[in-house]
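Coordinates in review
Here are the chains, one letter per residue:
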Amino acid sequence: MLYVACEGESTEPDYLQYLNERFGDGDGRARQPFRIQPVYRRNGWTPSGVVEAARKAAGEDEAWALFDRDQWDDIPQAVKDAAESGIELAFSHPSFDLWLLLHFQSFGGAQSGSSKLVVEKLRQAKGADAFKDYDKRGDKSIKGARRDALKGREDKAVAHARSLVASCTHGLCKPGQAQTEPVGEDVARQSHQEWAARSGHTPDCPVLQRDPSTDVWRLLVRLGIVVREPAIAVGPQTRN
Ligand SMILES: [Zn+2]
């Protein structure tokens, strides 16, 4: 059981339920059964509110905090709080919508916090017909045909998200440096920079400058949904 608190009240909880239903029973081989408990509320939380909600809900269990770049002024505090409590960060810059888009195509270029282009690309992406009306009339749900459209594209999404770490403008960030194993007792010894470096970005790569990026891929690797180094991502020459 792990607790994943989210900023939004629709897209992220829907997506987490999808992971439960599609992958939660395990595969009878390497992947263990799991159950995600989404933690959210109507009208959402600030990022530090997400961290606090994750901490309260999870108790001694594993906790993750899922939030976007939108409410950036609160993010440094959220990262500090998460480091102190050992709550895993799944930060997306500019938004969780980027994670959805990466199921269908790669993406690059700084967005300065705006999700507009990401959403436009998602609506038009090949294979993403179900997302044609995404975020129109407030419909950001992930149900029915939208779930179906994501199916089987997890490897691709992880590979694309990892390549965004490699192409971070900081220059020294590498997906191979990312941590995906549960932390256990080591938590208290980590600074918030080290904690935020579990994403594969270096400790001195400021979180707010990881543009574009999304850490959600680490959750899928953590759960065994995708193996750590998907074969389609990199060959031996470019492995990092
Ligand atoms: Zn970086």
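Let us look at the structure shown here. The structure displayed is predicted, hence computed values, not measured ones.

Glancing now at the pairing of strand 3 (residues 62-68). Counting buried positions along strand 3 gives seven out of seven residues, so the element sits mostly inside the fold. The alternating pattern of strand 3 places E62, W64, L66 and D68 and A63, A65 and F67 on opposite faces, both of which are buried. When strand 1 (residues 2-6) meets strand 3, the two strands line up parallel, connected through five bridges. The residue bridging A5 from the neighbouring strand is A65, located in strand 3. Relative to strand 4 (residues 88-93), strand 3 runs parallel, the two being bridged by five bridges. Residue pairing across strands places D68 opposite S92, the latter belonging to strand 4.

Moving on, we get to helix 7 (residues 154-166). Its 13 residues give helix 7 an end-to-end C-alpha distance of 19 Å, which sits within 8% of 18 Å, the value for a rise of 1.5 Å per residue. Buried residues of helix 7: E154, A157, V158, A159, H160, A161, R162, L164 and V165, and no others.

Further remarks concern the coordination of the zinc ion. Only C168 (SG), C173 (SG), H201 (ND1) and C205 (SG) from the protein reach the zinc ion as donors, at distances of 2.1 to 2.4 Å. Considering all four donor atoms around the zinc ion, angles at the metal cover 103 to 114° and the coordination shape is tetrahedral.

Quick look at the packing of aromatic side chains now. Scanning the entire structure with this criterion turns up six aromatic pairs. Where Y15 meets Y18, the ring centres are 6.0 Å apart and the plane angle is 45°; that geometry is what we call tilted. Residue Y15 and its partner Y18 are both found in helix 1 (residues 11-23); the two are separated by three residues, about one turn of the helix. A relative accessible area of 1% places Y15 in the buried class. Ring centres of Y15 and F96 lie 5.5 Å apart, and the angle between their planes is 65°; this geometry places the pair in the edge-to-face category. Remark: F96 occurs in helix 4 (residues 96-101) and Y15 occurs in helix 1; sequence separation between them is 81 residues. Exposure class is identical for Y15 and F96. Each is buried. One aromatic cluster in this structure is built from Y15, Y18, F23 and F96. The residue whose ring lies beneath R198 is W195, and the NZ or CZ to ring-centre distance is 5.0 Å.

Pairing within the open sheet is mixed, and its five strands lie in the order 2-1-3-4-5. Bordering the open sheet on either side are strand 2 (36-39) and strand 5 (213-214), each of which pairs with just one other strand. Note that strand 4 and strand 5 share two bridges and pair antiparallel. What sits directly across from S92, in strand 5, is T214.

A separate point is the environment of D25. Topologically, D25 is positioned in the loop between helix 1 and strand 2. Counting along the chain gives 51 residues from D25 to P76, while the straight-line C-alpha distance between them is 36 Å. Setting aside residues no more than four positions away along its own chain, D25 makes contact with N20 and P33.

Here the focus is unusual backbone geometry. Of note, the amide linkage connecting H93 to P94 takes the cis form, showing an omega dihedral of 10°. The amide bond that connects D211 to the next residue, P212, takes the cis arrangement and shows omega of -5°. Along the chain, the position of P212 falls in the loop between helix 8 (192-196) and strand 5. Here N43, not a glycine, exhibits a phi torsion of approximately 70°, which is positive. Considering the arrangement of structural elements, one finds N43 in the loop between strand 2 and helix 2 (47-58). Phi angles above zero are rare outside glycine, and D135 is one such case at about 65°.

Rules and cut-offs
The residue numbers shown here count from 1 along each chain, following its written sequence. Local features are withheld for residues below a pLDDT of 70 in this predicted model, meaning they are given only at 70 or higher, and side-chain atom pairs are given and counted only at 80 or more; totals for whole chains, interfaces and linings count all residues. With hydrogens and water set aside, each side-chain value is computed from the structure's full complement of heavy atoms. Here's how the labels work: a residue is buried when its accessible area is under 20% of the maximum for its type, exposed when over 50%, partly exposed in between, all with a 1.4 Å probe on protein chains only. Each helix is a run of H or I in the DSSP string that is no shorter than four residues. Each strand is a run of E no shorter than two, and both are numbered from the N terminus. The pairing criterion for strands is at least two bridges between them, as found by DSSP. Helix span, expected: 1.5 Å multiplied by one less than the number of residues in the helix. Only N, O and S atoms count as donors, using a 2.8 Å limit from the metal and a wider 3.2 Å limit for Na, K and Ca, and since water is excluded some coordination spheres may look unfilled. Just to be clear on the cut-offs, tetrahedral is four donors with all angles between 85 and 135 degrees, square planar is four donors and octahedral six with opposite donors over 155 degrees apart and all others between 65 and 115, and anything else goes down as irregular. Pairing of aromatic rings covers Phe, Tyr and the six-membered ring of Trp, with a centre-to-centre limit of 6.5 Å; geometry is then stacked below 30 degrees between planes, edge-to-face above 60, and tilted otherwise. Distance and angle both matter: a charge sits over a ring if NZ of Lys or CZ of Arg is within 6 Å of the ring centre and within 35 degrees of the ring normal. Two residues qualify as a contact provided that any one of their heavy atoms is within 4.5 Å of a heavy atom in the partner residue.

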